[in-house]
Amino acid sequence: MTQHCGLVTVLGAPNAGKSTLVNALVGQKVAIVSPKAQTTRARLMGIAIEGEAQMLLVDTPGIFTPNRRLDRAMVKAAWEGADDADRVVLVIDAAAKVGARVEQLLEGVEARSEPKILVLNKVDIAKKEDLLVLAARLAERLKPEQIFMVSSINGDGVPDLKGHLAAAMPEGPWHFPEDQLTDATDRMVAAELTREQIYLQLHAEVPYSAAVETEKWEDRGDGSTVIHQQILIERESQKAIIVGKGGSRLKAIGSAAREAIGEHLGRKVHLFLHVKVNPRWDEDRGLYKEIGLEWAD
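Keep in mind that what you see is a predicted model, and the values were worked out from it rather than measured.

Undergrad: Whenever I open this one, the sheet that holds strand E7 (residues 211-219) confuses me. Can you help?
TA: Remark on secondary structure: sheet strands pair via backbone hydrogen bonds, oriented parallel or antiparallel. Ordered in space as E7-E8-E9, the three strands form an open sheet in which the pairing is mixed. For this open sheet the edge positions go to E7 and strand E9 (269-277), each flanked by a neighbour on one side alone. Across the sheet, the axes of successive neighbouring strands diverge by a mean angle of 20°, strand direction being ignored. For E7 and strand E8 (residues 225-233), the ladder comprises eight bridges, and the chain directions are antiparallel. Its bridge partner being in E8, Glu218 is matched across the sheet by Val226. Packed on one face of the sheet, helix H6 (residues 186-202) meets E7, E8 and E9 and runs near 135° to E7.

The structure is reproduced here in C-alpha cells:
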C-alpha cells in the first residue's frame, strides 16, 4: 500500500477546543487541556494515523492580541505553525459569539493560501438554529474546502473530519514510527502535565502566567524515574495559593501530576515540586527553549 503523510495545522482563538480536538484525532491525550484560556503555549505535534495516512497535527497556542513577550512568542508560534501546511484546520467555538478575537483570527486566515477546513466545535452545546447561520457566514468569507460540525469532547463528527484529512494527505513516507503519538520530549510532556494540574485545580485563582520547569531528571536502575520540577509564579500571594494550608494544595497537584506522568511514561515516577517567585520569569531565554517557544523581540 502507498503511504501518505502531511502537515495539518490547527488554529483557533483561545478556548476554541483545539487541544481537545487534536487529542480526539490522535485517539489519545497528547496536549494538555483546562478551562483556562491560553493553556497551550508551544506548537505541539500530535501524530494521528488513518489507514495508510499519517497526519502530523500541530496544536498551536490560541491567537489573541499579544501584550508581553510570552504572548508575542505564543502568537508567533501559532502563525508560523501554519506555514506550508498541507491543510489548515480553523476551529471556531460554535457556542460562543464571534467577538474581536475571532475576527482577528479570521482576518489572518483569510490572507493565507493554504487549503482551509472549517471546524465548528462544541456543537453539543450550541444552539442548532445558530449553527447553520454561522456556517454559511464563515463559508462565504473563508471559502473552505469543507465544513465539519463536531464536538471534540464527546467525539461527534471527529471520525468524518479525520477521514477527510487522511484523504487529503500527499503521497510520501511516514515521518514517525507507528507507535509514536507526539514529537514532544518526555521532559516537556512532564512539565506540561504538572502545569495542567495547576490550572485544573486552581484555574479560578492562579493566573495563566504560571510556568513549570523540569530541573532534574533521573532514570533509576529499578525502572523508576525521579523528577524535580520548579513551579514559577510572579507574586508571593500566588505562592501561598499553590502551596495551600500546610502544603496541602501542592501535595494534591503533585499527586495528580505524578499519576499522569507515570501513565505517560509507563513506569513509576517520584515527583518533587517546589515553588519559586520570579516576577520576570517570562524574560528567561532558557525557559522559552524548555517550553518549546522561540524568543520574541
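Undergrad: Could you clarify how one ought to interpret the pairing of strand E6 (residues 146-149) in this entry?
TA: Each regular strand displays side chains that alternate between the two surfaces of the sheet. Pairing geometry for strand E5 (residues 116-121) and E6, over four bridges, is parallel. Pairing of Ile117 across the sheet is with Gln146, part of E6.

Undergrad: Would you explain unusual backbone geometry in this entry?
TA: A negative phi holds for most residues other than glycine; trans holds for most peptide bonds. Located in the positive-phi region is Lys122, a residue other than glycine, with phi close to 65°. Relative to the assigned elements, Lys122 resides in the loop between E5 and helix H4 (128-142). Backbone geometry at Lys143 places phi at a positive 55°, although glycine is not the residue there. A residue is classified by how much of its surface remains accessible, and Lys143, at 58% relative accessible area, is exposed.

Undergrad: Before we go on, may I ask you to explain the packing of H6 against helix H8 (residues 248-265) in this structure?
TA: Pairs of packed helices are described in terms of their axes, by the angle between the two and the distance that separates them. As a packed pair, H6 and H8 sit with axes 9 Å apart at the nearest point and diverge in direction by 140°. Looking at the two axes, H6 sits oblique to H8. For the element pair H6 and H8, the recorded crossing hand is right-handed. Of the residues in H8, those in contact with Asp186, Val189, Ala190, Leu193, Thr194, Gln197, Ile198, Gln201 and Leu202 of H6 are Arg249, Ala252, Ile253, Ala256, Ala257, Ala260, Ile261, His264 and Leu265. Across the contact of H6 with H8, the residue classes tally to 12 nonpolar, four polar and two charged.

Undergrad: Looking at this structure, how should I read the nonpolar core?
TA: A general tendency of soluble globular proteins is for nonpolar side chains to be buried together. Ranked by internal contacts, the top residues of the largest apolar core, which has 25 residues, are Ile231, Ile242, Ile261 and Leu271. Elements with a minimum of two residues in this core: H6, E8, H8 and E9. By residue number, the principal contributor to this core is H6, which donates eight residues. Residues in contact with Ile231, not counting those within four places in the same chain, are Ile198, Ala211, Val212, Ile242, Leu250, Leu273, His274, Val275 and Lys276. Counting residues in hydrophobic clusters, the runner-up holds 24 residues, among them Val8, Leu21, Ala48 and Val119.

Undergrad: I would appreciate a short explanation of the side chain of Thr225 in the present structure.
TA: Tracing the chain through its elements places Thr225 in strand E8. Only 2.8 Å separates the side chain of Thr225 from the side chain of Asp219, close enough to count as a polar contact. If sequence neighbours within four positions are ignored, Thr225 has contacts with Trp217, Glu218, Asp219, Arg267, Lys268, Val269 and His270.

Undergrad: Honestly, the pattern of salt bridges in this entry has me stumped. Any pointers?
TA: Pairing is possible between side chains that carry opposite charge, provided their charged atoms lie close to one another. This model, assessed by the stated rule, comprises nine salt bridges. Lys143 serves as the salt-bridge partner of Glu140, at 3.9 Å between the closest nitrogen and oxygen. Close ionic contact of Asp219 with Arg267 constitutes a salt bridge, the shortest N to O distance being 3.4 Å. Residue Asp219 is located in strand E7, and its partner Arg267 is located in the loop between H8 and E9; the two are separated by 48 residues in the primary sequence. Members of the salt-bridge network, linked through shared partners, are Glu103, Glu110, Arg137 and Arg141.

Reading the values: rules and limits
- Residues numbered from 1 in each chain as written.
- Predicted model: local features only at pLDDT ≥ 70, side-chain atom pairs only at ≥ 80, totals over all residues.
- Heavy atoms only, no water.
- Pairing = 2+ DSSP bridges.
- Helix = DSSP H or I, 4+ residues; strand = E, 2+ residues; numbered from the N terminus.
- Axes fitted to C-alpha atoms, helices over the stretch in contact; angles between N-to-C directions.
- Contact = heavy atoms within 4.5 Å.
- Buried < 20%, exposed > 50% of the residue type's maximum accessible area, 1.4 Å probe, protein only.
- Parallel < 35°, antiparallel > 145°, perpendicular 65-115°, else oblique.
- Left-handed = near helix turned anticlockwise from the far one by under 90°.
- Nonpolar A, V, L, I, M, F, W, Y, C, P; charged D, E, K, R; others polar.
- Core = buried A, V, L, I, M, F, W, Y, C linked by side-chain atoms within 4.5 Å.
- Polar contact = N/O pair within 3.5 Å; in protein donor to acceptor, adjacent residues only side chain to side chain.
- Salt bridge = Lys/Arg side-chain N within 4 Å of Asp/Glu carboxyl O.

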